[in-house]
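A look at the structure
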Amino acid sequence: APSDDEKEMYRKWIDEWGFTPQAVQEACRETTKGTPTMAYLDGILLRQHQLGRHEAQALEAGMQRERTARDFARDVFAGLGRTGVTPTQEDLAAIEAWRAQGAGDELILLAVSAAHRRSGGGNMDDVDAFLTRWRERGLTTADAVRADAARTRALNAQLRGIYEAAGLEKRPSAPDRDLLCRWAGEMGMNQEMILQAAQYARGSGSPMMAIGKILADWYRAGITTPEAARAEHEAHVRAGGQKQPASPAVQPGRDMLMRHTPQERRATYSAAVVDFDEEES
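Reading guide: rules and limits
- Residues numbered from 1 in each chain as written.
- Predicted model: local features only at pLDDT ≥ 70, side-chain atom pairs only at ≥ 80, totals over all residues.
- Heavy atoms only, no water.
- Core = buried A, V, L, I, M, F, W, Y, C linked by side-chain atoms within 4.5 Å.
- Buried < 20%, exposed > 50% of the residue type's maximum accessible area, 1.4 Å probe, protein only.
- Helix = DSSP H or I, 4+ residues; strand = E, 2+ residues; numbered from the N terminus.
- pLDDT = per-residue confidence, 0-100.
- Contact = heavy atoms within 4.5 Å.
- 1 Å grid on protein atoms, 1.4 Å probe; cavity = no way out; pocket = protein on both sides within 12 Å on 5 of 7 lines; lining within 4 Å.
- Points joined across faces, edges and corners; volume = space filled by probe spheres on them.
- Nonpolar A, V, L, I, M, F, W, Y, C, P; charged D, E, K, R; others polar.
- Salt bridge = Lys/Arg side-chain N within 4 Å of Asp/Glu carboxyl O.
- Polar contact = N/O pair within 3.5 Å; in protein donor to acceptor, adjacent residues only side chain to side chain.
- Phe/Tyr/Trp six-rings, centres within 6.5 Å; stacked < 30°, edge-to-face > 60°.
- Lys NZ or Arg CZ within 6 Å of the ring centre and 35° of its normal.
- Expected span 1.5 Å × (residues − 1).

A few points about the nonpolar core
Counting 24 residues, the largest nonpolar core has I162, I194, M208, I211, L215 and W218 as the members making the most contacts within it. Sorting the residues of this core by element identifies α8 (142-166), α9 (174-185), α10 (191-201) and α11 (207-221) as the ones contributing at least two each.

Re the confidence of the model for the protein
On average, residues of the protein carry a pLDDT of 84, and 84% of them reach 70 or more. Least confident of the elements in the protein is helix α14 (residues 262-272), whose mean pLDDT is 36; most confident is α8, at 96. Ignoring residues within four places in sequence, the model shows residues 241-281, a span with pLDDT below 50, making 61 contacts including any to other chains.

Describing the layout of surface pockets
If you roll a probe as big as a water molecule over the atoms, it shows you where there is empty space left. A volume near 260 Å³ is recorded for the second largest pocket. Taken together, 14 residues line the second largest pocket, and the ones lying closest to its centre are R65, E66, A69, L92 and E96. Split into classes, the residues belonging to the lining of the second largest pocket amount to four nonpolar, three polar and seven charged.

Thoughts on the pattern of salt bridges
Any two side chains of opposite charge can pair, given that their charged atoms come close. Using the criterion set out here, one finds 17 salt bridges in the structure. Ionic pairing is found between R137 and D148, a salt bridge with its closest N-O pair at 2.8 Å. One end of the pair, R137, is in the loop between α7 (124-136) and α8; the other, D148, is in helix α8, with eleven residues separating them in the sequence. Since its relative accessible area comes to 16%, D148 is described here as buried. Between E227 and R230 there is a salt bridge, and its shortest N-O distance comes to 3.8 Å. Of this pair, E227 and R230 both sit in helix α12 (residues 226-239), three residues apart, which is roughly one turn of that helix. Where salt bridges share partners, they join E30, R67 and R70 into one cluster.

Things to note about the environment of R99
Of note, R99 is situated in helix α5 (residues 89-100). Those residues in contact with R99 that sit more than four places away from it in its chain are F72, D105 and I108. In terms of polar contacts, R99 uses its side chain to reach the side chain of D105, at 2.9 Å.

Examining the packing of aromatic side chains
Applying the stated criterion across every chain yields a total of four aromatic pairs. Between F130 and W134 the ring centres are 5.7 Å apart and the planes differ by 55 degrees, which places this aromatic pair in the tilted class. Of this pair, F130 and W134 are both found in helix α7, four residues apart, which corresponds to roughly one turn of the helix. With a relative accessible area of 9%, F130 lands in the buried category. The exposure class of W134 is buried, given its relative accessible area of 8%. Ring centres of Y200 and W218 lie 6.2 Å apart, and the angle between their planes is 85 degrees; on these two criteria the pair is classed as edge-to-face. Here Y200, found in helix α10, pairs with W218, found in helix α11; they are 18 residues apart in sequence, far enough to count as distant. W218 matches Y200 in its accessibility class, with the two residues each being buried. The cationic tip of R82 hangs over the ring face of F77; the distance from NZ or CZ to the ring centre is 4.3 Å. Positioned above the aromatic ring of F72 is the side chain of R99, whose terminal nitrogen or guanidinium carbon lies 4.8 Å from the ring centre.

A look at α8
Compared with an ideal rise of 1.5 Å per residue, which puts 25 residues at 36 Å, α8 spans 36 Å between its outermost C-alpha atoms and is within 8% of the ideal. Every buried residue of α8 is listed here: A142, V145, D148, L155, N156, L159, I162, Y163, A165 and A166. Positive phi shows up at G167, right after α8, with a value of about 75 degrees.

Quick notes on the environment of A197
The residue A197 is located in helix α10 in this model. Looking at A197, the relative accessible area reads 0%, which means it is buried. Counting along the chain gives 29 residues from A197 to P226, while the straight-line C-alpha distance between them is 9.5 Å. With sequence-adjacent residues up to four places away left out, A197 is seen in contact with I211, I214, L215 and W218.

Concerning the side chain of T20
Assignment of secondary structure puts T20 in the loop between α1 (4-16) and α2 (21-27). Not counting residues within four places of it along the chain, the set of residues in contact with T20 comprises I14, H54, E55 and A56.

This is the structure we're talking about:
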């Protein structure tokens, strides 16, 4: 039988807070997640009262949304390696904010996976950082992020070949990816042409800048094939009175300098002292 205190609590729910009896009974479903007590039920109804859900239908729909949100939050935590943790209201609010900014569940879970790999576990702030960065770049779907990642991997593979030809030991970086896109997109240079320029730039103070200078010369001269590029290079060597090396990589520094006038060489050297090849942190 109910105690006087429990009767008073029930009157509060009905008379003061305005719940219908059916709504109170609906809220009882939530008490099965713990020890079903009147005090536990009072806490559940207090939150629903604050949210303005006093009718059974509104309360049921709202609590179902909350259950779904908590289940997804647990998936997020599991992806971050945090099992057995109960999501807080702040966690649920953060996920809801991501959705309001246009992130679907698949994109959120992709950010969770990225955060877990990058940080060795990751947290909600790491997930938010990935979603923010993708949103700023216009990547608003999981498919868009995957396509961008595939593009980055392809560019990195090309850059590693260019680095090898130029005698560089470094990791592919975003600035170098931008350079590669400019060479291929704006100048229309294919990978074979870029590799050839990289061989001629081998040994220079700033190989990536030197490659760009060589490709720009070819672009202005209308040189679009490896054969034409080699012919132009050989002409420069002959004009300078230098014996052509058996391979572009044999005398790279001297070979590179013979491609330009003394004024151009001075300008190239002055610019080369700036470290344009610094890797991303």
